[in-house]
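# Examining the three-dimensional arrangement
As a plain string of letters, each chain reads:
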Amino acid sequence: MRLTASVSGLAVLVALWAVLNSPQPLPDRIEILPAQISTERGPRITYPANQKASLSLPDGQLRAVHSVLNTPSRMKFGDYLWNEDGIAEGPAWIMVDLARQTLSVFRADHEIGTTVILFGTDGKSTPLGVFHVLAKARSHRSTSYDAEMPFMLRLTGDGIAIHASNVRKGAATHGCIGVPPAFARLLFDQMHVGDQVAIIAS
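Description of the structure in this document. Bear in mind the structure is a predicted one, so any value in this text is a computation, not a measurement.

Counting 27 residues, the largest nonpolar core has L103 and I162 as its most contacted members. If you tally residues by element for this core, the top one is helix α3 (residues 181-190), at four residues. With sequence-adjacent residues up to four places away left out, I162 is seen in contact with I94, L103, F151, M152, L153, L155, I177, V179, L187 and V197. Of all hydrophobic cores here, the second largest spans twelve residues; its members include I45, V68, W93 and A198.

Here the focus is the sheet that holds strand β10 (residues 135-137). The four strands lie next to each other as β10-β13-β14-β15, forming an open sheet whose pairing is mixed. The two strands at the open ends of the sheet, each matched to only one other strand, are β10 and β15 (177-179). In this sheet, adjacent strand axes meet at a mean angle of 15° when their direction is disregarded. The sheet contact formed by strand β14 (residues 161-164) and β15 spans three bridges and is parallel. Across the sheet, the residue bridging to H163 is G178, located in β15. Along the sheet face, α3 touches β10, β13 (152-154), β14 and β15 and points at about 130° away from the line of β14.

With that settled, consider α3. Taken together, the buried positions of α3 are F183, A184, L187, F188 and Q190. Projected onto a plane normal to the axis of α3, the buried residues spread over an arc of 160° and lie on a single side.

This next bit is on the packing of aromatic side chains. The tally for this structure, following the rule as stated, stands at four aromatic pairs. When the ring of W93 is compared with that of F106, the centres are 4.9 Å apart and the planes differ by 15°; the resulting orientation is stacked. With a gap of 13 residues between them, W93 in strand β6 (residues 92-97) and F106 in strand β7 (residues 102-107) connect regions that are remote in the sequence. By the burial criterion, W93 is buried, and F106 matches it. Aromatic pair F151 and F188: ring centres 5.8 Å apart, planes at 65°, arrangement edge-to-face. A residue pair is termed long-range when its members are at least 10 positions apart, and F151 in the loop between β12 (147-148) and β13 and F188 in helix α3 qualify at 37 residues. Here F151 matches F188 in class, with each residue buried.

The rules we used
Residues numbered from 1 in each chain as written. Predicted model: local features only at pLDDT ≥ 70, side-chain atom pairs only at ≥ 80, totals over all residues. Heavy atoms only, no water. Core = buried A, V, L, I, M, F, W, Y, C linked by side-chain atoms within 4.5 Å. Buried < 20%, exposed > 50% of the residue type's maximum accessible area, 1.4 Å probe, protein only. Helix = DSSP H or I, 4+ residues; strand = E, 2+ residues; numbered from the N terminus. Contact = heavy atoms within 4.5 Å. Pairing = 2+ DSSP bridges. Axes fitted to C-alpha atoms, helices over the stretch in contact; angles between N-to-C directions. Arc of directions from axis to C-beta. Phe/Tyr/Trp six-rings, centres within 6.5 Å; stacked < 30°, edge-to-face > 60°.

Structure, rendered in structure tokens:
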């Protein structure tokens, strides 16, 4: 598989998430022009200008990706990475992958943060699709579940949101997306009402 502008969005998504979650050097996991992309473990992997990647969203939209964070190993519950050094200011957007149990936030076409998440199961599943941040609240309490939801980013009218949670093995939500508290604070400050959130199950 070669990462080019003509590669399908799904193939690119698999490539990007393999990069994000693989403890092995890039060429061992994916055939992706190793001579042109640095495989050294560092803050990020940057794609050459002539090999720009894109992610395909559930509504058919393509989002450009110029670089991704270079994770040192497979992340565990509660882990996150955040690095926006040298990345231009501007609107951010979020990609949530339920199959890989990860959330990534992008700004100026560069990934600046990624973490392991909790999501809904057993009749209270997390919806798939493309959403927008409808409201923000640094301190919020769910009236439906009588539970604190710090750093809440509401996505739907019926209460689905991204918020701080105790992200741990075996836990789930009632449809919301739970992220570690320290990451939630960074994400809350980054996102604005109207910003895009794509939720997939690759």
